[in-house]
Amino acid sequence: MTDSSEIISQSELDNLLRINEFIDQVDENSLVNELKLAILDSGKLELSQWKVLRDHIREIEELIPHIDLIIKLKKEQSSN
């Protein structure tokens, strides 16, 4: 019998797959590349879309310290 704490829900699995798909993107399909293309052709987005995009990027910027902490702790854990 499997402990229920070891079972991953379909929702959790979907989220993990979505995150991995985002991380594993090849360069030409990456978020960074899409931003570069949009900047080169700034007519692709309206002002309101640029503002929404900037808000999303700001949210990512707020998460970076947390991501850095996770990376640091995982590195320390793996070196022990």
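Remember, predicted model here, so these are calculated numbers, not experimental data. (Residues numbered from 1 in each chain as written. Predicted model: local features only at pLDDT ≥ 70, side-chain atom pairs only at ≥ 80, totals over all residues. Heavy atoms only, no water.)

So what exactly am I meant to see when it comes to the overall build of the protein here?
Helices and strands together make up the secondary structure of the protein, namely three helices and zero strands. Mapped from its N terminus to its C terminus, the protein presents α and β elements in the order α-α-α. The buried share of the protein, reckoned over its 80 residues, is 4%. Total accessible area on the protein is roughly 7,500 Å²; 58% of this is exposed by carbon and sulfur atoms. (Helix = DSSP H or I, 4+ residues; strand = E, 2+ residues; numbered from the N terminus. Buried < 20%, exposed > 50% of the residue type's maximum accessible area, 1.4 Å probe, protein only. Areas by Shrake-Rupley, 256 points an atom, 1.4 Å probe, with all protein chains shown as cover.)

Would you mind showing me how to read a nonpolar patch on the surface here?
Together, Leu31, Ile60 and Ile64 make up an exposed nonpolar region whose accessible area comes to about 230 Å². Assignment of secondary structure puts leucine 31 in helix 2 (residues 31-40). (Patch = residues over 30% accessible without salt bridge, like charges linked within 9 Å, V, L, I, M, F, W, Y side chains within 5 Å. Salt bridge = Lys/Arg side-chain N within 4 Å of Asp/Glu carboxyl O.)

I would appreciate a short explanation of the confidence of the model for the protein in the present structure.
The predicted coordinates ought not to be read in detail in places where the model reports low pLDDT. When pLDDT is averaged along the protein, the result is 79; 74% of the residues meet or exceed 70. When pLDDT is averaged over each helix and strand of the protein, the minimum, 69, is found for helix 1 (residues 10-23) and the maximum, 90, for helix 3 (residues 47-79). (pLDDT = per-residue confidence, 0-100.)

Looking at this structure, I do not really get the pattern of salt bridges. What am I missing?
One side chain can pair with another of opposite charge once the charged atoms of both are near each other. According to the stated counting rule, one finds three salt bridges in the structure shown. A salt bridge links aspartate 55 to arginine 58, with the shortest nitrogen-to-oxygen separation between them at 3.1 Å. You can see aspartate 55 and its partner arginine 58 sitting in helix 3, three residues apart, about one turn around the helix. By relative accessible area, aspartate 55 is classed as partly exposed at 41%. Its salt-bridge partner being lysine 72, residue glutamate 76 comes within 3.7 Å of it at the nearest N-O pair. Here the residue glutamate 76 and the residue lysine 72 both occupy positions in helix 3, the gap between them amounting to four residues, near one helical turn.

Mind showing me how you'd approach helix 3 here?
Its 33 residues give helix 3 an end-to-end C-alpha distance of 47 Å, which sits within 8% of 48 Å, the value for a rise of 1.5 Å per residue. At leucine 63, helix 3 is deflected by roughly 35°, the largest bend along its length, and proline proline 65 occurs up to four residues later in sequence. (Expected span 1.5 Å × (residues − 1). Bend = angle between axes of the 7 residues up to and from the residue.)

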